[in-house]
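So you can see what is in the structure, the chains are spelled out below.
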Amino acid sequence: MTERVGQGWRPKSLRDGEEPDPRFTLANERTFLAWIRTSLGLMAGAVAMEAFAGDEIPEIIRTPLACVLLVMAALLATVSFRRWIRIEASMRHNRPLPVPQASILLVLGIATGAILLVVAILGGTIA
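Here the structure is a predicted model, which is why all the values come from computation and not from measurement. (Residues numbered from 1 in each chain as written. Predicted model: local features only at pLDDT ≥ 70, side-chain atom pairs only at ≥ 80, totals over all residues. Heavy atoms only, no water.)

**As for the pattern of salt bridges**
Now for step 1: Throughout the structure, instances matching the rule amount to three salt bridges.
Now for step 2: Of the charged contacts, one joins Arg92 and Glu19 as a salt bridge, the two residues approaching to 2.8 Å between their closest N and O atoms. With Arg92 in helix α2 (residues 59-92) and Glu19 in the segment before α1 (22-52), this pair connects stretches of sequence that are 73 residues apart.
Now for step 3: Relative accessible area serves as the criterion here: at 4%, Arg92 is assigned to the buried category. (Salt bridge = Lys/Arg side-chain N within 4 Å of Asp/Glu carboxyl O. Helix = DSSP H or I, 4+ residues; strand = E, 2+ residues; numbered from the N terminus. Buried < 20%, exposed > 50% of the residue type's maximum accessible area, 1.4 Å probe, protein only.)

Below is the structure:
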């Protein structure tokens, strides 16, 4: 078995098929990196909430919300890596692109977190 030079680590689905146009591969990589930046932003938000919210948001809401943000960040990073590989494989084999599952995860998670945060803020100002 001969291995091509410069291939490095590649999943099986990326070792066969036709090499896509480099512009598409690079665009796919940029999208993946954007999802990773979003994941890092969620992590930063969780850390900021725990470190700087103080008494503004009750601990009973603040800590679970920070944990939800951290879990979302981990899931988003994992889903985005999986999506990057699936899109690359689809381009190599001329198949339709996969549905963006990461978008659904992000929308549901952020909407839930925002609602909890609004409840926490309103609860803090009324009490």
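Next comes the rest of the account.
**Concerning the packing of aromatic side chains**
Now for step 1: Summed over all chains, the structure comprises three aromatic pairs.
Now for step 2: Seen from their ring centres, Phe32 and Trp84 are 5.9 Å apart, and the 35 degrees between their planes marks the pair as tilted. Of this pair, Phe32 sits in helix α1 while Trp84 sits in helix α2, and the two are 52 residues apart along the sequence.
Now for step 3: By relative accessible area, which is 17% here, Phe32 ends up buried.
Now for step 4: Each residue in the set Phe32, Phe81 and Trp84 is aromatic and connected to the rest through ring pairs, giving one cluster. (Phe/Tyr/Trp six-rings, centres within 6.5 Å; stacked < 30°, edge-to-face > 60°.)

**Re unusual backbone geometry**
Now for step 1: Within the chain, Asn94 stands out as a residue other than glycine whose phi angle is a positive 55 degrees.
Now for step 2: Secondary-structure assignment places Asn94 in the loop between α2 and α3 (101-126).

**Thoughts on α2**
Every α-helix carries 3.6 residues per turn, so stepping three or four residues along brings you back to the same face.
Now for step 1: Over its 34 residues, α2 extends 49 Å from the first C-alpha to the last, a length consistent with the 50 Å expected when each residue adds 1.5 Å.
Now for step 2: Taken from the residues just after α2, Asn94 is the one with a positive phi, measuring 55 degrees. (Expected span 1.5 Å × (residues − 1).)

**Examining the UniProt feature "domain: DUF202" (unreviewed entry) in the protein chain**
Now for step 1: Taking the numbering used here, the UniProt-annotated feature "domain: DUF202" (unreviewed entry) corresponds to residues 23-88.
Now for step 2: Annotated as 91% helix and 0% strand, the span residues 23-88 places its first and last C-alpha atoms 12 Å apart. (UniProt positions renumbered as here; feature names shortened; annotations may be inferred.)

**Quick word on the UniProt feature "transmembrane region" (unreviewed entry) in the protein chain**
Now for step 1: Those residues carrying the UniProt feature "transmembrane region" (unreviewed entry) are residues 32-54, 60-81 and 102-126 in this numbering.
Now for step 2: Helix makes up 91% of residues 32-54 and strand 0%, and the two end C-alpha atoms of the span are 34 Å apart.
Now for step 3: Taken end to end, residues 60-81 is 100% helix and 0% strand, and its two terminal C-alpha atoms sit 33 Å from one another.

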